[in-house]
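Structural description and commentary
Each chain, written out:
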Amino acid sequence: MSEGVKKFLYVNRKAPHGTIYALEALEVVLIGAAFEQDVELAFLDDGVFQLVKGWDTSDLGSKNFAPTYMALGDFEVTKVFVEKESLDERGLTADDLMELMYEDEDDDWAEKPSIRIVSREEMARIMAANDVILSF
Amino acid sequence: MKLGIVVNEGPYTHEASDTAYNFAVAALEKGHEIYRIFFYHDGVNNATRLTVPPQDDRNIQQKWTELQEKHDLDLVVCIAAAQRRGILDENEMKRQGKDAYNIAPGFRISGLGQLIEAGIQCDRLVTFGD
């Protein structure tokens, strides 16, 4: 870890609609990108719903911010941890999730998936390994 | 320790603001430094000077204002969250063409960068929310 760079983990536990936490959390991620820290995202509990593909907000009358998740790779977010138990508990699988990608600058800009499905136990280890936890 | 505090809920509806306040007081008593207190989501509603809470209960906004003054704290209200919820300072009132502003003394409106910076500068960032 270089001088002055900390590991930031953004924890998302809430569904994309019903409350504003998901949207406003994303806004922090985007603005935070300018600070060039080491950023990881975690999705657990109802937060896993944020990554489910095929949002249709046309009857809601509120902003469809699903495209923002697809753009996370452009903001140098390469690690998106999704908790397996949270998926299982909600009847979801990896196939239900958006295909978030990033371009690996160390591998000729090859496109790679950002989502890593991890166990609850691994998630605890990921949290412990981060310096700054932002939870919304 | 250099501490950052994040308050994600407004006064009264959630106890988060009370708990954050009590934590701040305890930390200061123990000799810790509070680098910044950042108000996000509905937390920005702690910063309106227009509340008139019942007299037989605590006045949360006033407690924050007094704490800020006593310890010269940096109480920052996120501008994006504040705009959404109608917390304005005089500058914002003029900028946005509104006919009033309502920010309480001791709070300042600034960007989300202040939250990230607090994360970078502090030994610990502690969040109070729902």
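Read on for a plain summary of the structure. Each residue is numbered by its place in its chain's sequence as written, counting from 1. Ligands are numbered from 1 and chains lettered from A, in the order in which they are written. Two thresholds apply to this predicted model, a pLDDT of at least 70 for residue-level local features and 80 or more for giving and counting side-chain atom pairs, whereas whole-chain, interface and lining totals are computed over all residues.

When helices and strands are counted, chain B shows five helices and five strands. Runs of H or I in DSSP of at least four residues are treated as helices and runs of E of at least two as strands, each being numbered from the N terminus. Going from N to C terminus, chain B has its helices and strands arranged as β-α-β-α-β-α-α-β-α-β. Relative to the 2.2 N^0.38 estimate, which gives 14 Å for 130 residues, the radius of gyration of chain B is 14 Å and therefore close to what a compact globule would have. Taken along its principal axes, the extent of the C-alpha atoms in chain B is 45 × 40 × 30 Å. Radius of gyration: over C-alpha atoms. The globule rule applied is 2.2 Å multiplied by the number of residues raised to the 0.38 power.

Attention now moves to the sheet that holds strand β6 (residues 115-118) of chain A. Hydrogen bonds along the backbone pair up the strands of a sheet, which may run parallel or antiparallel. Residues and elements named next belong to chain A. Only strands that DSSP links by at least two bridges are regarded as paired with each other. Reading across the sheet, the five strands line up as β6-β3-β2-β1-β7 and stay open at both edges, with parallel pairing between neighbours. What marks the edges here is a single partner per strand, and that holds for β6 and β7 (132-135). With strand direction ignored, the average angle separating the axes of adjacent strands in the sheet is 25°. With three bridges joining them, strand β2 (residues 38-43) and strand β3 (residues 80-83) adopt parallel strand pairing. Along β3, the bridge assignment pairs Leu41 with Val80. Axis angles are defined between N-to-C directions and span 0 to 180 degrees, where every axis is a line fitted to C-alpha atoms and, for a helix, only to the segment in contact.

Our focus in this paragraph is the environment of B:Arg108. Residues and elements named next belong to chain B. Along the polypeptide, Arg108 turns up in strand β4 (residues 107-110). Put simply, Arg108 and Leu88 are 20 residues apart on the chain and 9.7 Å apart in space, counted from C-alpha to C-alpha. With near-sequence residues (within four places) excluded, Arg108 lies in contact with Leu75, Val76 and Val77. Each residue is represented by a C-beta atom placed from its backbone, and any two residues with such atoms within 7 Å are regarded as in contact.

The next thing to look at is unusual backbone geometry. Phi is positive for A:Asp45, close to 50°, though the residue is something other than glycine. Along the chain, the position of A:Asp45 falls in the loop between β2 and α2 (66-70). Its identity as a non-glycine residue notwithstanding, B:His41 has a phi of 45°, on the positive side. As for its position among the elements, B:His41 is in the loop between β2 (33-39) and α2 (60-71).

Take the interface of chain B and chain A next. With 14 residues of chain B in contact, the opposing surface of chain A contributes 15 residues. Counting residues per element, the ones that place at least two in the side of chain B that touches chain A are α3 (79-85), α5 (113-121) and β5 (124-128) of chain B. Examining the composition of the side of chain B that touches chain A, we find that five residues originate from one element, α5(B), more than from any other. Class assignment of the residues belonging to the side of chain B that touches chain A gives a composition of eight nonpolar, six polar and no charged. The residue classification treats Ala, Val, Leu, Ile, Met, Phe, Trp, Tyr, Cys and Pro as nonpolar and Asp, Glu, Lys and Arg as charged. All others, Gly included, are polar.

Here the focus is α5(B). To assign burial, the other C-beta atoms lying within 10 Å of each residue's own C-beta are counted, with C-beta atoms placed from the backbone; 20 or more indicates buried, 12 or fewer indicates exposed, and intermediate counts indicate partly exposed. Residues of α5(B) that are buried include every one of B:Leu115, B:Ile116, B:Ala118 and B:Gly119, and no others. Along α5(B), the residues classed as buried sweep out an arc of 155° about the axis, all on the same side. In this structure, the buried residues of α5(B) make contact with β1 (7-12), α1 (21-32) and β7 of chain A together with β1 (2-7), β2 and β5 of chain B. To obtain the arc, one takes the directions from the helix axis to the C-beta atoms.

All names here are of chain B. Judged by pairing direction, the sheet is parallel, and its five strands sit side by side in the order β4-β3-β2-β1-β5 without closing on themselves. The open sheet is flanked by β4 and β5, the only strands paired with a single partner. Averaged over all adjacent pairs, the angle separating strand axes in this sheet is 25°, with direction ignored.

Attention now moves to the environment of A:Leu44. Residue and element names in this part refer to chain A. Take Leu44: it is sitting in the loop between β2 and α2. Residue Leu44 is classed as buried on the basis of its 20 C-beta neighbours within 10 Å. Taking the C-alpha atoms as reference points, Leu44 and Ala15, 29 residues apart in sequence, are found 9.8 Å from one another. The contacts of Leu44, once residues within four sequence positions are left out, are Arg13, Glu83, Ser86 and Met123.

As a further point, take the pairing of β1(A). Residue and element names in this part refer to chain A. Of all the six residues making up β1, five are buried; the element is thus mostly covered by neighbouring parts of the structure. The sheet contact formed by β1 and β2 spans six bridges and is parallel. Bridge pairing in β2 places Leu9 opposite Glu40. The path from the first strand over the helix to the second decides the hand: if it runs clockwise while the strands point away from the viewer, the crossover is right-handed. Regarding the hand of the β-α-β motif, the stretch spanning β1, α1 and β2 is right-handed.

Further remarks concern the nonpolar core. One nonpolar core equals one set of buried Ala, Val, Leu, Ile, Met, Phe, Trp, Tyr and Cys residues connected by C-beta atoms within 7 Å. Judged by nonpolar contacts, the single largest core of 68 residues is most densely connected at A:Tyr10, A:Ala42, B:Phe38, B:Phe39, B:Val77 and B:Cys78. Tallying contributions element by element places α1(A) first for this core, with six residues. Once residues lying within four places of it in the same chain are set aside, the contact partners of B:Phe39 are B:Val7, B:Val44, B:Asn46, B:Ala47, B:Val76, B:Val77 and B:Cys78.

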